[in-house]
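Spelled out from the first residue to the last, the chains are:
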Amino acid sequence: MAFRQPSIEYKTTDQIRKMRTAGLVVSRALDAAVAAAVVGATTRDIDAAFEAVLDEAGAKSNFKGYHGFPATVCVSVNEEVVHGIPGDRVLQDGDVLSVDGGCSVDGWHGDSARGVIVGTADPEDQRLSDVTEAAMWRGIAALAGGQRVGDIGNAIDDYVSSVPGKPLGILEDYVGHGIGTAMHQAPDVLNYRTNHRGPKIRPGLCLAIEPMLVRGNIETRVLEDDWTVVTTDGSRSCQWEHTVAVHSGGIWVLTAEDGGAAKLAPLGVTPVPLD
């Protein structure tokens, strides 16, 4: 029996421009959140910094209230992989954070995440964040030059596997996704190599590409709050994410101020503005 796959929402250029508006708000909000991530601050302080930018822009958080999530952003610390709930936890020197947030403007969504190391970084934690970010950009470059969505996961996996040093694990339980009039849409965007090629890459496709890497085992569990995902072995994790659009002229990273130009140039990719 054949099972129908969820349909993909392809956007017009004007609709992508609206998503760009949301994406730029997310970028500015993450700037504020990262600046607030200092020793002695609480994870709630990071949430407040992000929310203040959204309020000023008249944007709506697409995290707060999502299936009951109680905060504006996810702040995941050390062994917490994703969906960490901001609260009274005080940040310590050397903590590894993943700050994941988004917003909607006029019904169009943006979603992005950054890895942050508080204070003095352990070299292996810095390597974890650097490799995760670089893997994300390899995935974005594969979107620019690939044929199928599965090419993104192949590129991420190939890069992570090639990095010298102690191997890093790519989480398989949590993946990227389509985005547009809803925060989470088809298709899934895997961060690892499989035989599943995925749908064809064509103009109008908008994706959130978000690899999550760990320093240890990739097995995870969900805490009693029904949200926070942690590594079962207590190893540290990191997440980076951008929302990216494919349009008739090429790709444009909607949640990067420069559309991704600086980070994609070394990979031989030139993103193309919408105007």
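Our subject is the structure that appears above.
In what follows, the accompanying structure is described. These numbers come from a predicted model, not from an experiment.

## Looking at the overall build of the protein chain
Per the secondary structure count, the protein chain includes five helices and 15 strands. For the protein chain, the C-alpha radius of gyration of 17 Å lies close to 19 Å, the compact-globule estimate for 275 residues. Each principal axis of the C-alpha distribution contributes one length, and for the protein chain these read about 45 × 45 × 45 Å. In the protein chain, which comprises 275 residues, the share counted as buried stands at 56%. Restricting to contacts in the protein chain with at least 6 residues of sequence separation, those with at least 24 account for 69%.

## Structural notes on the packing of aromatic side chains
Counted according to the given criterion, the structure contains one aromatic pair. Summarising the aromatic geometry, the rings of Phe69 and Trp227 are spaced 5.0 Å apart at their centres and angled 80° between planes, so their arrangement reads as edge-to-face. In this pair, Phe69 is assigned in the loop between strand E1 (60-61) and strand E2 (73-77) and Trp227 in the loop between strand E11 (220-222) and strand E12 (229-231), connecting sequence segments 158 residues apart. A residue is classified by how much of its surface remains accessible, and Phe69, at 2% relative accessible area, is buried. The positively charged end of Arg202 is found above the aromatic ring belonging to Tyr10, 3.5 Å away from the centroid.

## A closer look at the sheet that holds strand E9 (residues 206-209)
The sheet built from five strands is open, its strands ordered E8-E7-E9-E14-E15 with antiparallel pairing. Strands at the two margins of the open sheet, each flanked by one partner only, are strand E8 (185-189) and strand E15 (250-253). Direction aside, neighbouring strands of the sheet carry axes that sit 25° apart on average. For strand E7 (residues 176-178) and E8, the ladder comprises three bridges, and the chain directions are antiparallel. For Gly178, the partnering residue across the bridge sits in E8 and is Gln185. Seen against the sheet, helix H1 (residues 13-35) touches E9, strand E14 (242-247) and E15 and runs at an angle of roughly 160° to E14.

## Side note on the side chain of Ser61
Mapped onto the elements of the fold, Ser61 is located in strand E1. The buried category is assigned to Ser61, whose relative accessible area is 13%. In this structure the side chain of Ser61 is engaged in a polar contact, spanning 3.1 Å, whose partner is the backbone nitrogen of Lys64. Within the structure, Ser61 has its side chain in polar contact with the backbone oxygen of Thr72 (distance 3.4 Å).

What counts and what doesn't
Residues numbered from 1 in each chain as written. Predicted model: local features only at pLDDT ≥ 70, side-chain atom pairs only at ≥ 80, totals over all residues. Heavy atoms only, no water. Helix = DSSP H or I, 4+ residues; strand = E, 2+ residues; numbered from the N terminus. Rg over C-alpha atoms; globule rule 2.2 N^0.38 Å. Buried < 20%, exposed > 50% of the residue type's maximum accessible area, 1.4 Å probe, protein only. Contact = heavy atoms within 4.5 Å. Phe/Tyr/Trp six-rings, centres within 6.5 Å; stacked < 30°, edge-to-face > 60°. Lys NZ or Arg CZ within 6 Å of the ring centre and 35° of its normal. Pairing = 2+ DSSP bridges. Axes fitted to C-alpha atoms, helices over the stretch in contact; angles between N-to-C directions. Polar contact = N/O pair within 3.5 Å; in protein donor to acceptor, adjacent residues only side chain to side chain.

The values are spatial; any link to function lies outside them.
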